[in-house]
Amino acid sequence: MYRINENYLKLQGSYLFSEIGRRVAAYKEAHPEKDVIRLGIGDVTQPIAPTIISALHKAVDEMGTPEGFRGYGPEQGYDFLRNAIAENDYRARGCEIAADEIFVSDGAKCDVGNIQEIFGTDNTVAVCDPVYPVYVDTNVMAGRTGRFDPAKGGFDRLIYMPCTAENGFSPELPGQVPDLIYLCFPNNPTGAAIRKEALQAWVDYANRNGSVILYDAAYEAYISEEGVPHSIYECEGARTCAIEMHSFSKNAGFTGLRLGYTVIPKDLKSGGVTLHSLWDRRHGTRYNGAPYIVQRAGEAVYSEAGKAELKAQVAYYMENARTIREGLKEAGFTAYGGVNAPYIWMKTPDGMTSWAFFDRLLAQVQVVGTPGSGFGASGEGYFRLTAFGTQENTREALRRIRSL
Ligand SMILES: *Cc1c(COP(=O)(O)O)cnc(C)c1O
């Protein structure tokens, strides 16, 4: 008789966004005349850039010709894309990463979720608090945690690293050494970035203690400040302790197209086995989830015209980030982030809980954001606003917030 994986029963369910949806729907039903502005979404809104659309069209047409047809692609991605990534995201930044250390995939979410499968279930795991929920949920399902403890608002046996205003939303090196360490910079939800010296300290810590860092670089394109690394491989020694995940979702609008990649340097070894050889065998290989036409679209991201168009898209969102950040400060709120990331992490006023502030914004000015407590216990008392709206909506939302 079959048995289910009981670790799934420990999951908390997708409470956050369904609860937001429920409260917004209830408000709209009671106030159908009100115009609600959403600054809570984590999805981009601008259409795919023209250069990428042309590349897609071209690849689609190729597929309809005898010479251009492609069947199953290379297991880890087409060379044209892996070479473009190696050249632009690494060599150009002085990082020593070869094309065959890059594994193309259908997005970072799958990779950050699945990467834990190559590690034993007895590894200890550390995550930032607040955190992007995928790192936690997948380790819960794999059985690396105990039960959810409502009193502490977290899972037993999981090492939470608080990210607060006091530490600049950059966690301290844990006293209890974890085997697997998830880091994401620039960060979702706090919008915090990490400076190179600080990231180097993590790399040194991991090498010293035999830990591996799983580095989520999904928001790398939003970095605007000098001294903030775009890749963990800018740090010395990262080739022996770090895996890096990238997405084409937030920099190029591929949330619907789906494309990402993971880097596993061949220097990462455990007991003589390279992690590279293990990930080579991950399920989904041979298809790797990314169609030929989408990989051609990814290649166009690195063309000169593509780069210019995407720079303008990021600048558009970052203008929103500035509108939100400055607008909140003018209104007397304390706000963080929004300089190297499309997220603003504001402190709720008057010690309000995240959900109380959510209700107040919705009821008084019809602006929807995301309660910080939904990302972990340390997110209580904070509220996330995103820069992915239109500039018109974003300005209007801030005009309303200032009138509070
Ligand atoms: C959006 C996001 C991703 C990217 O997800 P895709 O699956 O590539 O769309 C990864 N990590 C974080 C933290 C994100 O916010």
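Residues numbered from 1 in each chain as written. Predicted model: local features only at pLDDT ≥ 70, side-chain atom pairs only at ≥ 80, totals over all residues. Heavy atoms only, no water.

Asks: Explanation requested: the sheet that holds strand β13 (residues 335-337) in the structure shown.
Replies: Pairing between sheet strands relies on hydrogen bonds along the backbone, with the strands arranged either parallel or antiparallel. Pairing is antiparallel across the open sheet formed by 4 strands, whose spatial order is β13-β14-β17-β16. Here the strands that pair on one side only, and so sit at the sheet edges, are β13 and β16 (370-371). Bridge analysis of β13 against strand β14 (residues 343-347) gives 3 bridges, and the strand direction is antiparallel. By the bridge assignment, Tyr336 is partnered in β14 with Trp345. Along the sheet face, helix α10 (residues 304-330) touches β13, β14 and β17 (382-386) and points at about 15° away from the line of β14. The strands touched by helix α11 (residues 354-365) within the sheet are β14, β16 and β17, with β17 carrying the most contacts at an inclination of about 50°. (Pairing = 2+ DSSP bridges. Helix = DSSP H or I, 4+ residues; strand = E, 2+ residues; numbered from the N terminus. Contact = heavy atoms within 4.5 Å. Axes fitted to C-alpha atoms, helices over the stretch in contact; angles between N-to-C directions.)

Asks: Got a minute to help me understand the side chain of Ser170 in this structure?
Replies: Mapped onto the elements of the fold, Ser170 is located in the loop between β6 (158-162) and β7 (180-184). Excluding its chain neighbours within four sequence positions, the residues that come into contact with Ser170 are Cys163, Phe185 and Ile194.

Asks: In this structure, what is going on with the pattern of salt bridges? I would like to understand it.
Replies: Opposite charge on two side chains permits pairing when their charged atoms draw close. The tally for this structure, following the rule as stated, stands at 20 salt bridges. Among the ionic pairs, Arg195 bridges to Glu197, the shortest N-O distance being 4.0 Å. Here Glu197 falls in the exposed class, since its relative accessible area comes to 55%. What emerges from the salt-bridge pattern is a single network uniting Glu19, Arg22, Arg23 and Asp359. (Salt bridge = Lys/Arg side-chain N within 4 Å of Asp/Glu carboxyl O. Buried < 20%, exposed > 50% of the residue type's maximum accessible area, 1.4 Å probe, protein only.)

Asks: When you look at the domain arrangement of the chain in this model, what are you seeing that I'm missing?
Replies: When its domains are assigned, the chain resolves into domain 1 (12-47 + 305-402) and domain 2 (53-303). Measuring from the centre of the C-alpha atoms in domain 1 to the corresponding centre in domain 2 gives 26 Å. Between domain 1 and domain 2, the contact holds 29 residues from the first and 36 residues from the second. Taken together, the two surfaces of domain 1 and domain 2 that pack against each other cover about 2,500 Å², and 58% of this comes from carbon and sulfur. Inspection of the domain 1/domain 2 interface yields 0 salt bridges. Where domain 1 packs against domain 2, one counts 13 residue pairs in polar contact (both at pLDDT 80 or more). Of all the elements in the fold, those that place two or more residues in the side of domain 1 that touches domain 2 are α10, β13, β14 and β17. Considered class by class, the residues forming the side of domain 1 that touches domain 2 number 16 nonpolar, 10 polar and 3 charged. (Domains from an automatic or database assignment. Buried area = accessible area lost by both parts, 1.4 Å probe. Polar contact = N/O pair within 3.5 Å; in protein donor to acceptor, adjacent residues only side chain to side chain. Nonpolar A, V, L, I, M, F, W, Y, C, P; charged D, E, K, R; others polar.)

Asks: Can you walk me through the site of the ligand in this structure?
Replies: Looking at the ligand, there are 14 residues lining it, with Tyr219, Ser247, Ser249, Lys250 and Arg258 nearest. One of the backbone N or O atoms of Ala108 is found 2.7 Å from an oxygen atom in the ligand. In this structure, Arg258 approaches the ligand through a side-chain N or O atom, which is 2.6 Å from an oxygen atom. In isolation the ligand offers 390 Å² of accessible surface; the protein chains occlude 94% of this area. Partitioned by chemical class, the residues of the shell around the ligand number 6 nonpolar, 4 polar and 4 charged. (Near = heavy atom within 4 Å. Areas by Shrake-Rupley, 256 points an atom, 1.4 Å probe, with all protein chains shown as cover.)

Asks: Sorry if this is basic, but what is going on with the environment of Val60 here?
Replies: Looking at the element boundaries, Val60 is found in helix α2 (residues 50-63). The spatial distance from the C-alpha of Val60 to the C-alpha of Ile293 is 6.3 Å, given a sequence separation of 233 residues.

Asks: Quick question: what am I supposed to make of the side chain of Thr138 here?
Replies: Within the element layout of this structure, Thr138 appears in helix α5 (residues 133-141). Judged by its relative accessible area of 11%, Thr138 falls in the buried class. Ignoring anything within four residues of it in the chain, the contact list for Thr138 reads Val112, Gly113 and Gln116.

Asks: Teacher, can you tell me more about the pairing of strand β3 (residues 125-129) here?
Replies: For a regular strand, side chains alternate in direction, first toward one face of the sheet and then toward the other. Counting buried positions over the 5 residues of β3 gives 5, a clear majority of the element. Here β3 shows a buried face lined by Val125, Val127 and Asp129 and a second buried face lined by Ala126 and Cys128. Examined bridge by bridge, β3 and β7 share 2 bridges and lie parallel to one another. Within β7, the position partnered with Val125 by the bridge is Leu180.

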